[in-house]
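Breakdown of the fold
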Amino acid sequence: MSEVRLRFPPSPTGYLHIGGARTAIYNWLYAKKHNGKLVLRIEDTDAERSTQESIDGIIDGLTWLGITWDEGPYFQTEFAADHAAAAKKMLDSGHAYKCFCTVEELEAKREAAQAAKLDFKYDKTCRNLSAADVAAKEAAGIPFVIRFKVPEQEGAVVFEDAVYGRIERRYRDIEDFVIVRSNGKPLYLLCNVVDDIRDRISHIVRGQDGLANTPRQILIYQALGAKLPIFAHMPLTLDLQKRKISKRSHGEIVAVQYYREIGFLPWGLINFLVLLGWSSGDDREFFSEAELLEAFSLDGISRSNSIFNYKKDDPKFITDPKALSINGHYLQTIPIEELAGLVKPFLQKANIWNDAYEADRRAWFLQTLGLIRERYYTLVDFTTLGRAYFADDFEIEERAIDKNITKNPQLAEWLPLLADRLAALADYNRETVEQAARALAEELGVKPGILINGARTVTTGCLAGPGMFEVLETLGRERVTDRLRNVAKLFA
Ligand code: GLU
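What you see is a predicted model, and the numbers here were worked out from it, not measured in a lab. Residue positions are given per chain, counting from 1 as you read along its sequence in written order. pLDDT decides what is reported in this predicted model: residues at 70 or higher carry local features, side-chain atom pairs at 80 or more are listed and counted, and totals for whole chains, interfaces and linings draw on all residues regardless. Side-chain calculation: all heavy atoms of the structure are included, whereas hydrogens and water are not.

1. A word on the overall build of the protein
Numbered from the N terminus, helices here are DSSP runs of H or I no shorter than four residues, and strands are runs of E no shorter than two. For the protein, the helix and strand inventory stands at 21 helices and 12 strands. Every radius of gyration here is taken over C-alpha atoms, with the globule rule written as 2.2 Å times N^0.38, N being the number of residues. Over its C-alpha trace the protein gives a radius of gyration of 32 Å, far above what one expects of a compact globule, namely 23 Å for 492 residues. Oriented by its inertia axes, the alpha-carbon framework of the protein measures out at about 110 × 50 × 40 Å. With 492 residues in all, the protein has 48% of them scored as buried. Residues count as neighbours in contact if any of their non-hydrogen atoms are within 4.5 Å of one another. Contacts spanning at least 24 positions in sequence make up 76% of the contacts within the protein whose residues lie at least 6 apart. Burial status follows relative accessibility: with a 1.4 Å probe on protein chains alone, a residue under 20% of its type maximum counts as buried, one over 50% as exposed, and anything between as partly exposed.

2. Concerning the pattern of salt bridges
What counts as a salt bridge is simple: a side-chain nitrogen of Lys or Arg found within 4 Å of a carboxyl oxygen of Asp or Glu. Here the structure, examined in full by the defined rule, presents 39 salt bridges. Taken together, the salt bridges that share partners define one network made up of Arg7, Arg41, Glu43, Asp82, Asp195, Asp196, Arg198 and Asp199.

3. Details of the side chain of Arg479
Mapping Arg479 onto the fold places it in helix H21 (residues 477–485). Excluding residues within four positions of it along the chain, Arg479 makes contact with Ala388, Tyr389, Phe390, Ala391 and Asp392.

4. A closer look at the environment of Lys407
With respect to the element layout, Lys407 can be found in the loop between helix H16 (398–406) and helix H17 (411–423). What makes Lys407 exposed here is its relative accessible area of 60%. Measuring from C-alpha to C-alpha, the distance between Lys407 and Ser304 comes to 52 Å, with 103 residues separating the pair along the chain.

5. Notes on the nonpolar core
Proteins that are soluble and globular tend to have nonpolar side chains buried together. Core analysis: the biggest nonpolar cluster contains 142 residues, and Ile179, Phe365 and Phe390 have the highest contact counts within it. For this core, the element with the highest residue contribution is helix H1 (residues 18–33), accounting for nine residues. In this view, Ile179 contacts Met90, Ala96, Ile146, Arg147, Phe148, Lys185, Pro186, Leu187, Leu190 and Ile220; residues no more than four positions away in its chain are not counted. Side-chain atoms within 4.5 Å link the members of a nonpolar core, which is a set of buried Ala, Val, Leu, Ile, Met, Phe, Trp, Tyr and Cys residues. Counting residues in hydrophobic clusters, the runner-up holds nine residues, among them Cys99, Cys101, Val134 and Val145.

6. Side note on the sheet that holds strand S5 (residues 145–148)
A sheet is described by the order of its strands in space; here three strands give the open sequence S4-S5-S8, paired in antiparallel fashion. The open sheet terminates on both sides in strands that have one partner only, identified here as strand S4 (96–99) and strand S8 (178–180). On average, adjacent strands in this sheet sit at an angle of 45° to one another, irrespective of strand direction. Strand direction decides the pairing type here: S4 and S5, joined by four bridges, are antiparallel. Bridged to Ala96 within S5 is Phe148. The pairing criterion is simple: DSSP has to find at least two bridges between the two strands. Lines fitted to C-alpha atoms define the axes here, with helix axes fitted over just the stretch in contact, and angles between the N-to-C directions of these axes take values from 0 to 180 degrees.

7. A look at the layout of surface pockets
Approximately 460 Å³ is the volume attributed to the second largest pocket. Grouping the amino acids of the lining of the second largest pocket by side-chain chemistry returns 13 nonpolar, three polar and eight charged. Whether a set of points on the 1 Å grid over the protein atoms alone is a cavity depends on a 1.4 Å probe fitting there but being unable to get out, while an open set qualifies as a pocket with protein on both sides within 12 Å along at least five of seven lines; lining residues are those with an atom within 4 Å of a point. Grid points are joined across faces, edges and corners, and a volume is the space filled by probe spheres set on the points. Side-chain classes follow a simple rule in which Ala, Val, Leu, Ile, Met, Phe, Trp, Tyr, Cys and Pro form the nonpolar group, Asp, Glu, Lys and Arg form the charged group, and the remainder, Gly included, forms the polar group.

8. Notes on the side chain of Asp196
Within the fold, Asp196 resides in helix H6 (residues 188–198). We classify Asp196 as buried; its relative accessible area is 2%. Residues contacting Asp196, with those up to four places away along its chain left out, are Arg7, Arg41, Ile201, Ile204 and Tyr221.

9. Structural notes on the packing of helix H19 (residues 448–460) against H21
For the pair H19 and H21, the least separation of the axes is 9 Å and the interaxial angle reads 105°. Judged on the interaxial angle alone, H21 and H19 are roughly perpendicular. The segment H19 lies against H21, with Ala455, Val458 and Thr459 engaging Val480, Arg483 and Leu484. Residues of the contact of H19 with H21, tallied by class, amount to four nonpolar, one polar and one charged. Oblique is the label for every angle not falling under 35 degrees (roughly parallel), over 145 degrees (roughly antiparallel), or within 65 to 115 degrees (roughly perpendicular).

10. What about the pairing of strand S7 (residues 165–170)?
Two strands pair when backbone bridges link them, and strand S6 (residues 156–161) and S7 are joined in this way by six bridges, in the antiparallel orientation. Within S7, the position partnered with Ala156 by the bridge is Arg170. Taking the residues that link successive antiparallel strands as the turn, the S6-S7 hairpin has three residues.

11. Quick word on the site of the ligand
Near, as used in this document, describes a residue that has one of its heavy atoms within 4 Å of the molecule or strand being considered. Around the ligand lies a shell formed by Arg7, Pro9, Pro10, Ser11, Glu43, Tyr188, Asn192 and Arg206. Here a polar contact means two N or O atoms within 3.5 Å. Within protein one must be a hydrogen donor candidate and the other an acceptor candidate, and residues neighboring in sequence count only if both atoms are side-chain atoms. At 2.7 Å from a nitrogen atom of the ligand is found a main-chain nitrogen or oxygen belonging to Pro9. Separating an oxygen atom of the ligand from a side-chain N or O atom of Arg206 is a distance of 2.8 Å. What sets the accessible areas is the Shrake-Rupley method with a 1.4 Å probe; for residues, cover comes only from the shown protein chains. Burial of the ligand by the protein chains amounts to 69% of its free accessible area of 300 Å². Partitioned by chemical class, the residues of the shell around the ligand number three nonpolar, two polar and three charged.

12. Looking at unusual backbone geometry
A cis amide bond, omega 5°, links Gly72 with the succeeding residue Pro73. Here Pro73 shows up in strand S3 (residues 71–75). Located in the positive-phi region is Lys117, a residue other than glycine, with phi close to 55°. For Lys117, a relative accessible area of 76% translates into the label exposed. You will see that Asn351, though not glycine, has its phi angle at about 60°, which is positive. Classification of Asn351 by relative accessible area gives exposed; the value is 70%.

Printed below as a string of structure tokens:
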């Protein structure tokens with residue numbers, strides 16, 4: 001059996017977006033599962049639109065995701081000699097020809113076809129020029145493009161797409177397409193095939209938008225006498241309005257970098273993206289890498305477009321809720337030491353990191369993360385919803401004040417009273433705190449919940465959170481009593 005070799009060939013014209021990342025993930029999984037190789041090829045032939053920044057961003061994004069490749073990065077521009085040699089080979093073998101028609105001539109023909117409501121296809125004026133005619137035109141310095149000679153007999157390009165099944169395109173519907181421009185530059189369509197042949201790619205897994213190129217590319221494979229790879233085209237990802245997800249219309253929400261910044265775990269994003277267009281056949285939602293390698297197959301790729309749940313106009317909406325719930329699952333279940341390493345840079349960025357969290361306050365730090373992560377979905381949540389655990393300058397949610405404080409103005413006295421009781425405890429821990437709070441509530445003749453919710457609001461800034469006595473224990477006596485006494489400022 002020949003080697004399984006896949007490729008990820010991004011065009012470096014922008015950031016790595018989630019559609020590109022999904023393509024990379026599918027190729028990576030397939031290669032890994034079949035002990036194959038993944039080639040990273042930067043398709044930088046479009047000199048005007050390719051940038052170094054984009055190349056760096058793509059490599060950075062893949063590295064962050066943990067997608068590894070076995071060969072490359074290769075750069076398409078370094079293989080110009082191969083592309084030219086392939087064009088020459090097709091000219092020499094009679095699979096291609098030089099076309100001297102001018103842009104103006106072609107334009108006039110296109111307009112005439114349009115006026116007659118006909119589809120315009122190149123009329124093959126130069127297909128059968130004699131060798132002498134060609135030589136004369138070249139000698140006269142007339143510029144030419146190179147066109148592929150599509151077979152004229154009845155018949156079709158037929159192939160079996162691993163996702164979409166049998167696909168057929170009649171020869172007569174394919175124009176004699178250009179493979180080299182008049183400035184000598186080969187077209188992308190050609191470079192892509194030549195590189196795939198040289199890189200001995202056995203499986204091409206790419207977006208459904210590539211399907212339009214495939215019949216022409218197959219003709220090039222055949223003309224070059226190369227073995228065809230297996231093609232698998234993946235469904236598109238659309239938004240709720242059925243628009244294709246793109247950098248242009250969706251902005252940063254489709255950039256891998258965005259997910260990194262809002263605190264996704266790489267595996268959380270991979271697990272979400274893999275399910276955009278693939279399913280294991282059962283309803284499983286979470287996969288470890290080993291489980292995914294076991295379950296992944298091209299058969300599981302769906303033919304119907306996947307939906308990225310995108311609500312542009314809601315400022316609270318940071319991404320598809322499904323992505324958040326998957327990420328939350330990992331964030332809430334990974335080993336706490338691992339979580340600590342991931343949270344650290346976010347706390348640092350928010351200026352609330354303390355080196356003691358890696359020294360004498362390590363145990364407290366890990367315990368706190370374990371306590372608060374229950375309801376968090378991104379690493380940023382530790383610095384926003386969780387800020388009160390790491391800093392004293394946190395905001396108190398407006399709705400928590402309305403619900404838990406303003407309705408009971410007497411809390412202005414009760415909470416400082418609770419602080420006094422806690423300050424007086426011989427031993428400060430969740431049990432003693434609970435006893436003190438309940439005893440005080442009884443003395444005052446109020447429901448304990450009123451004191452507890454009030455305490456939650458002023459000590460954590462949040463309306464909801466983990467069990468309150470554990471919270472008060474974790475925050476520590478000093479912070480808790482200070483914050484309880486500070487309640488007065490909410491009534492000022
Ligand atoms: N460079 C192309 C892109 O980024 C890849 C097309 C292919 O996979 O053949 O869309």
